[in-house]
Amino acid sequence: MNAFKLRRFHALVILQCVRWYCKYAISYRQLEEMMAERGIAVDHTTIWRWIQRYAPQLEKEVRWYQGYTGGSWRVDETCIRVNGEWKWLFRAVDKQGRTVDFLLTHRRNTKAARRFLAKALRSRQDWPPHVINTDKNPAYGEAYRCLYRLQSR
C-alpha cells in the first residue's frame, strides 16, 4: 500500500520537507518559505501534519541503514523538564557517541529500565552490544537479569 496515496502533493515534496525538518533545525514557517521559493505553495500546518505522520515511519525505515553501532554501550538516565513536568530520559550511546536509542518516561524504576533496554536491544538486534556500561542505578541490573531470563526460555 502506498503511504502517499490520495495526497495533494507529490511524495518527493513531502519526504523532502520531513527530511529537512528532522535533519536541520528549521521551523515549519521556514520550510513553508523555502517551498514557496521553489514554487510550491504549502501551509506550515500541512507540513506539521506531514511531520507527525511520516517522521516516525521514516525513522523506522532509516534505522537499519544507520549502520553498525559499537559493541560497547553507555546507558544513563537524567531528569528533564518537558512542558512543565519532570520526566526521566533514558539514553544509550555507543563508544563513538552515537545515540543507540532513548526513552522518555514518568518513572525511574526497574520496569522503565527493562522497557528501555528491551527497546534498545530490539532496535539493534543485528548489532547487539558486547558490554553495557551503566551508572550505579540498581534498576539496570534487575532489568538485565529479567530480560536475560526471558531470552533463555
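Residues numbered from 1 in each chain as written. Predicted model: local features only at pLDDT ≥ 70, side-chain atom pairs only at ≥ 80, totals over all residues. Heavy atoms only, no water.

1. Comments concerning helix α2 (residues 28-37)
Of all the positions in α2, only Tyr28, Leu31 and Met35 are classed as buried. Buried residues in α2, looked at end-on, bunch into an arc of 60 degrees, giving them a common side. What points out from α2, more than 90 degrees from its buried face, is the exposed set Arg29, Glu33, Ala36 and Glu37. Within two residues after α2, Gly39 carries a phi angle of roughly 85 degrees, on the positive side. (Buried < 20%, exposed > 50% of the residue type's maximum accessible area, 1.4 Å probe, protein only. Helix = DSSP H or I, 4+ residues; strand = E, 2+ residues; numbered from the N terminus. Arc of directions from axis to C-beta.)

2. A short note on the pairing of strand β3 (residues 99-105)
Note: strand β2 (residues 85-94) against β3, six bridges, orientation antiparallel. Along β3, the bridge assignment pairs Arg91 with Phe102. Hairpin connection between β2 and β3: a loop of four residues separates the two successive antiparallel strands, and Gly97 in this loop has a positive phi of roughly 90 degrees. (Pairing = 2+ DSSP bridges.)

3. Side note on the pairing of β2
Side-chain direction in a regular strand flips from residue to residue, so the side chains alternate between the two faces of the sheet. Inspection of the sheet shows strand β1 (residues 72-82) paired to β2 by ten bridges, in the antiparallel sense. From the neighbouring strand, Arg74 faces β2, where its bridge partner is Val93. The loop that links β1 with its antiparallel partner β2 comprises two residues; one of these, Asn83, has a positive phi angle of about 55 degrees.

4. Some details on the side chain of Ser72
With respect to the helices, strands and loops of the structure, Ser72 is situated in strand β1. Ser72 sits in the buried class, given a relative accessible area of 14%. At 3.0 Å, the side chain of Ser72 forms a polar contact with the side chain of Arg74. Beyond its immediate sequence surroundings of up to four residues, Ser72 is in contact with Val93, Asp94, Lys95, Val131 and Asn133. (Polar contact = N/O pair within 3.5 Å; in protein donor to acceptor, adjacent residues only side chain to side chain. Contact = heavy atoms within 4.5 Å.)

5. Quick word on the environment of Lys23
Relative to the helices and strands, Lys23 resides in helix α1 (residues 11-23). Judged by its relative accessible area of 57%, Lys23 falls in the exposed class. Measuring from C-alpha to C-alpha, the distance between Lys23 and Trp50 comes to 15 Å, with 27 residues separating the pair along the chain.

6. Quick notes on the pattern of salt bridges
Here the idea is simple: oppositely charged side chains can pair when their charged atoms come close. In the structure shown here, the tally under the stated rule is five salt bridges. The salt bridge involving Asp94 is made with Arg98; its shortest N-O contact spans 3.0 Å. Relative accessible area serves as the criterion here: at 40%, Arg98 is assigned to the partly exposed category. With a shortest N-O distance of 3.5 Å, Arg145 and Glu142 are connected by a salt bridge. Here Glu142 and Arg145 lie together in helix α5 (residues 138-152), a separation of three residues that amounts to about one turn. (Salt bridge = Lys/Arg side-chain N within 4 Å of Asp/Glu carboxyl O.)

7. What about the packing of α1 against α2?
Relative orientation of the contacting elements α1 and α2 amounts to 140 degrees, with a least axis distance of 11 Å. As the angle between them shows, α1 and α2 are arranged oblique. Here the hand of the crossing between α1 and α2 comes out right-handed. Facing α1, whose interface residues are Val13, Gln16, Cys17, Trp20 and Tyr21, α2 presents Tyr28, Leu31, Met34 and Met35. For the contact of α1 with α2, the class distribution of residues is eight nonpolar, one polar and no charged. (Axes fitted to C-alpha atoms, helices over the stretch in contact; angles between N-to-C directions. Parallel < 35°, antiparallel > 145°, perpendicular 65-115°, else oblique. Left-handed = near helix turned anticlockwise from the far one by under 90°. Nonpolar A, V, L, I, M, F, W, Y, C, P; charged D, E, K, R; others polar.)

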